[in-house]
Every structure is written in structure tokens, then in C-alpha cells.
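Coordinate analysis (summary)
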Amino acid sequence: LPFITTNDDGSDRGKGGLHEEDGILFAKMLEEANFPSLETAGMGFLYDAERLKRLSAPRLTILEENSLHKAGSLEECSLESVVETKNNALNECLSLKTISMPRLKKVGIGFLERNNIEEAIFPVLQNAQPSFMSHSHSLEKIIMPSMERLDRYSLHDVPKLRKIYN
């Protein structure tokens, strides 16, 4: 969603968008989002979208920093084409229980930190950055058969983890 900014003279700059404060309010009210042709979710894309429950973005390949950070009500998300995430992309998505990202190859720091995910599936992910899924208090099972390197604190404070399939 494009933002309208303000010129030095006080006039609006930009078309077809919202002022930043209105955009933040809009994201907070959003419950379902479908982006059939979106390929990159920019920094803070749906930051703090506290009511967002379902997200579909079948062509999305990159999640920038904080793109879905604090989407606390997110229950379902279709991210099958995502190949890369930046720092804190899905941090604090507290209602998400299962995540499967079959094409994910690269993750940023704190990618899925502080969440309630019970099962995670990353078939082609090879390297996990620091705090990859730390503080995932509900995580019981993670599948990552291509994993070669887990960086520091990748799975720190994950008390229910019982199965790692590698």
C-alpha cells in the first residue's frame, strides 16, 4: 500500500495511497488479504496488522524486514513461493500454528522468533540465522532435511520441541 507524504509546503505528495497514520490504522483493521501478483512484501508491509487472520500471496518470493511482524491474529498464510526472508519477517505471529515454506532458502535474524507455531516445515532451507525460531514455546516438530548450519540461538528456549527431522 503506497503512502502519501507531505511536501515542504504542506501539500500532499503521491497518488492512490494513504497518509502513513491512516495506512497503519488500515493495516490494523485488515482481517483477510489476498495479493495474487505481489512478489515482494516491503519493510513493515503489514507490520502490527493485529486483526489479520488470513493471508494469500501465491507469487510472493521475498519478505522484507518486519513485513509481517506482530500480525498477532494471523492463523493461515500461503507462502509457498517465498525463497527469502529478512530480519524479523514473521516475528510474533502468535496465532499461527503451522508453517510450511517449501521453497525457502534464506532467512534473516529472528525470522520466526517469539511465536506459538507447533509445526514448521522448511524442505530446502540450508542455513538458519541467529534466533531463527528462538522463544517458540509451542514448537514440537520441525522438518528441515536440507539444513546444514544452525546459527547461535537458532532454537533457543523451545521447551516443547520433541522432533527435528533433518
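Residues numbered from 1 in each chain as written. Predicted model: local features only at pLDDT ≥ 70, side-chain atom pairs only at ≥ 80, totals over all residues. Heavy atoms only, no water.

With that settled, consider the pattern of salt bridges. All chains considered together, the criterion is met by eight salt bridges. Across the salt bridge formed by Lys 106 and Glu 84, the nearest N and O atoms sit 4.0 Å from each other. Within this pair, whereas Lys 106 is found in the loop between strand S10 (98–100) and strand S11 (119–121), its partner Glu 84 is found in strand S9 (residues 84–85), the two being separated by 22 residues in sequence. One salt bridge connects Lys 141 with Glu 119, and the closest N-O pair in it is separated by 3.5 Å. With Lys 141 in strand S13 (residues 141–143) and Glu 119 in strand S11, the pair connects residues that are 22 residues apart, well separated along the chain. One network of salt bridges, with partners in common, ties together Glu 84, Lys 86 and Lys 106. (Salt bridge = Lys/Arg side-chain N within 4 Å of Asp/Glu carboxyl O. Helix = DSSP H or I, 4+ residues; strand = E, 2+ residues; numbered from the N terminus.)

Moving on: the side chain of Asn 66. Following the sequence through the fold, Asn 66 ends up in the loop between strand S7 (62–63) and strand S8 (76–78). The exposure class assigned to Asn 66 is buried, which follows from its relative accessible area of 19%. Those residues in contact with Asn 66, other than ones at most four positions away along the chain, are Gly 44, Phe 45, Tyr 47, Asn 87, Asn 88 and Ala 89. (Buried < 20%, exposed > 50% of the residue type's maximum accessible area, 1.4 Å probe, protein only. Contact = heavy atoms within 4.5 Å.)

To continue, consider the side chain of Ser 138. Relative to the helices and strands, Ser 138 is located in the loop between strand S12 (127–128) and S13. Given a relative accessible area of 16%, Ser 138 falls into the buried group. When neighbours within four sequence positions are excluded, Ser 138 is seen to be in contact with Asn 116, Ile 117, Glu 118 and Lys 160.

Overall, the coordinates contain four aromatic pairs when judged by the stated rule. On the numbers, 6.1 Å between centres and 65 degrees between planes, the contact of Phe 111 with Phe 122 is edge-to-face. Of this pair, Phe 111 sits in the loop between S10 and S11 while Phe 122 sits in the loop between S11 and S12, and the two are eleven residues apart along the sequence. This pair shows no difference in class: Phe 111 is buried, exactly as Phe 122 is. Joined through ring pairs, the aromatic side chains of Phe 111, Phe 122 and Phe 132 make up one cluster. (Phe/Tyr/Trp six-rings, centres within 6.5 Å; stacked < 30°, edge-to-face > 60°.)

Moving on to the confidence of the model for the chain. Overall, the prediction assigns the chain a mean pLDDT of 88, with 91% of residues at 70 or greater. Within the chain, the lowest mean pLDDT, 67, falls on helix H1 (residues 20–29), and the highest, 96, falls on S13. (pLDDT = per-residue confidence, 0-100.)

This part is about the nonpolar core. Of all hydrophobic cores here, the largest spans 37 residues; its most connected members are Leu 90, Ile 99, Phe 111, Phe 122, Phe 132, Met 133 and Ile 142. Among residues more than four places away in sequence, those in contact with Phe 122 are Ile 99, Met 101, Leu 104, Phe 111, Leu 112, Phe 132, Met 133, Ile 142, Ile 143, Met 144 and Pro 145. (Core = buried A, V, L, I, M, F, W, Y, C linked by side-chain atoms within 4.5 Å.)

Before going further, it helps to examine the sheet that holds S11. The sheet built from four strands is open, its strands ordered S10-S11-S13-S15 with parallel pairing. In this open sheet, the two edge strands, each paired with only one partner strand, are S10 and strand S15 (163–165). Across this sheet, the average inter-strand angle for adjacent strands is 5 degrees, counted without regard to direction. In the sheet, S13 pairs with S15 via three bridges, with the strands oriented parallel. Within S15, the position partnered with Ile 143 by the bridge is Tyr 165. (Pairing = 2+ DSSP bridges. Axes fitted to C-alpha atoms, helices over the stretch in contact; angles between N-to-C directions.)

Attention now moves to the sheet that holds strand S4 (residues 32–34). If you trace the three strands from one edge of the open sheet to the other, you get S4-S6-S8, paired in parallel fashion. Bordering the open sheet on either side are S4 and S8, each of which pairs with just one other strand. Direction aside, neighbouring strands of the sheet carry axes that sit 5 degrees apart on average. Judged from the three bridges that link them, S4 and strand S6 (residues 54–56) form a sheet pairing that is parallel. By the bridge assignment, Ala 33 is partnered in S6 with Leu 55.

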